[in-house]
Amino acid sequence: MNQKHDPIVVTGMGAVSPLGVGIETNWTRLIAGRSGIVANTRFDTSAYAARVAGLVPSRAEDARGFDPLTVVDAKDVKKMDLFIQYGMVAAAEALAQAGWAPRTEAEKASTATIIGTGVGGSPVMAEAVKTIIERGPRRLSPFTVPAFLPNLAAGWISIHYGFKGPIGAPVTACAASAQAIGDGMRLILTGEAEVAVVGGAEGSIDPISVGGFGAARALSTAFNDNPPAASRPFDARRDGFVLAEGAAVLVIERLSHAVARGAAPLALLAGYGTSADAYHLTSGDPDGAGAQVAMRNALKMAGLSPADIGYINAHSTSTAVGDAAELAGINAVFAGRGKDLAISSTKSSTGHLMGAAGALEAVFSIEALRHETLPPTLNLEEPNVGEAFDLVPKVAKHKAVRHALSNSFGFGGVNASLIVSAV
């Protein structure tokens with residue numbers, strides 16, 4: 001059966017972010033206007049221009065913080081970089097909510113695992129270089145390479161649960177997890193999988209990533225003394241994005257498959273579109289041309305018109321060029337919508353989770369539909385782009401929405417758009 005008559009639905013979700021661990025924690029704090037952006041204490045940043053980050057809080061710091069031992073054996077934690085640990089915890093929550101624990105070989109073989117990442121285990125790589133310089137290559141752990149390979153979040157999840165279906169790991173910068181969700185949809189539509197565990201994981205708050213993005217002048221540096229104010233999409237005072245970490249995982253399947261096993265659908269995964277800008281390594285077309293293609297393709301797959309979309313979770317990261325290009329693309333696709341189209345960027349609260357951002361923002365879009373509440377754009381004091389639309393400044397808004405679109409764009413010119421719909 002096709003997508004129209006037997007749609008793909010989301011039956012489970014899990015999240016680890018700078019706001020905390022768990023869907024309920026993330027959503028409650030997001031809607032309350034909390035920020036997860038703090039001073040970067042992960043390493044000594046005194047020589048760095050950017051000294052704030054979206055750090056996942058530990059259980060010691062926050063009762064709703066992160067503890068890998070809730071899911072992973074202590075002996076295995078040592079074999080995993082942070083992005084893998086985050087992915088494991090998010091997957092455990094999503095699978096528990098979905099109630100999916102395949103027992104038969106057929107069920108295991110029909111379960112796909114697609115977990116994207118933008119960078120993979122750069123903290124382990126940075127530490128490995130330090131070890132080689134200071135102590136020599138013979139002191140490296142035999143688990144060094146498996147700890148940083150980008151596909152190992154998917155690999156660990158697959159091995160842990162015995163999923164034997166297709167496995168993959170898009171490494172398409174900040175569109176990776178949105179493309180992972182799209183790849184999972186395609187596997188279900190072609191019949192190669194009945195269930196797909198999809199999403200993204202990122203743990204790259206390390207000297208390489210912070211230094212590299214800093215050298216490119218991509219990171220916010222103006223709010224080191226006031227971290228919660230640093231991520232400010234659409235605002236005139238924005239000066240770069242805030243690097244963040246975490247993971248989000250969704251369980252998706254056909255509606256008929258969910259109903260047959262008694263699972264409750266949370267939302268429809270209605271549309272997906274992707275495209276390439278073929279324009280510039282790090283900047284999108286100023287007119288958002290590639291983004292327009294992705295959004296229109298998602299609308300086409302969902303069988304919807306621009307007038308049907310009530311909310312857009314924007315990719316907008318808090319860079320002047322990126323924010324303006326995305327809004328130009330949205331304006332072209334949703335011309336004439338005006339203030340009845342709500343657009344917000346939840347990166348104002350979480351920072352930019354890079355390869356995990358798309359999956360987390362898909363989760364937030366689903367929660368917006370379920371709770372009839374639109375997340376706010378924090379720190380929006382002087383909007384200088386997108387004034388034609390409702391940018392949901394500072395405070396969450398109660399509004400019933402039937403269809404939401406979530407955008408994810410990445411270096412290299414990759415664009416991905418997802419559409420979720422209320423059940």
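Residues numbered from 1 in each chain as written. Predicted model: local features only at pLDDT ≥ 70, side-chain atom pairs only at ≥ 80, totals over all residues. Heavy atoms only, no water.

Some thoughts on helix H8 (residues 176-189)
At 3.6 residues per turn, the α-helix brings residues three or four places apart onto the same side. Look at H8: 20 Å from first C-alpha to last across 14 residues, which is about the 20 Å you get at 1.5 Å a residue. Counted residue by residue, H8 has 11 buried out of 14 residues, so it is predominantly covered. Listed as buried for H8 are Ala176, Ser177, Ala178, Gln179, Ala180, Ile181, Gly182, Gly184, Met185, Leu187 and Ile188. Downstream of H8 by one or two residues, Gly191 has phi in the positive range, about 85°. (Helix = DSSP H or I, 4+ residues; strand = E, 2+ residues; numbered from the N terminus. Expected span 1.5 Å × (residues − 1). Buried < 20%, exposed > 50% of the residue type's maximum accessible area, 1.4 Å probe, protein only.)

A closer look at the environment of Pro376
If you trace the backbone, Pro376 turns up in the loop between strand S12 (373-374) and strand S13 (397-398). Measuring from C-alpha to C-alpha, the distance between Pro376 and Ala32 comes to 8.9 Å, with 344 residues separating the pair along the chain. In this view, Pro376 contacts Leu30, Ser344, Ser345, Ser348, Val392, Lys394, Val395 and Ala396; residues no more than four positions away in its chain are not counted. (Contact = heavy atoms within 4.5 Å.)

A word on the pairing of strand S5 (residues 111-116)
Counting buried residues along S5, 6 of its 6 residues qualify, which places the element largely inside the surrounding structure. Burial along S5 is two-sided: Thr111, Thr113 and Ile115 and Ala112, Ile114 and Gly116, pointing in opposite directions, are all buried. Bridging between S5 and strand S7 (residues 195-202) involves 6 bridges; their strand directions are parallel. Paired with Ile114 across the strands is Val198, a residue of S7. Of the pairings in the sheet, the one linking S5 to strand S6 (residues 167-168) comprises 2 bridges and is parallel in character. Each residue of the ladder has a partner; that of Ile114, found in S6, is Gly168. (Pairing = 2+ DSSP bridges.)

What to know about the nonpolar core
Grouped together as the largest cluster of nonpolar side chains are 49 residues, with contacts concentrated most on Val10, Met13, Ile181, Leu250, Ile252 and Leu269. It is helix H14 (residues 357-371) that contributes the most residues to this core, 9 residues altogether. If sequence neighbours within four positions are ignored, Leu250 has contacts with Val10, Gly12, Met13, Ile181, Ala196, Val197, Val198, Ala359, Val363 and Ile366. (Core = buried A, V, L, I, M, F, W, Y, C linked by side-chain atoms within 4.5 Å.)

What to know about the pattern of salt bridges
On inspection of all chains with the given rule, the structure shows 15 salt bridges. Between Asp62 and Arg29 there is a salt bridge whose closest N-O contact spans 2.7 Å. Residue Asp62 is located in the loop between strand S4 (52-54) and helix H2 (74-77), and its partner Arg29 is located in helix H1 (residues 23-31); the two are separated by 33 residues in the primary sequence. Of the two residues examined, Asp62 and Arg29, each falls in the buried class. Measuring nitrogen to oxygen at the nearest pair gives 2.5 Å for the salt bridge that ties Asp390 to Lys397. One salt-bridge network, held together by shared partners, links Arg232, Asp235, Arg237 and Glu381. (Salt bridge = Lys/Arg side-chain N within 4 Å of Asp/Glu carboxyl O.)

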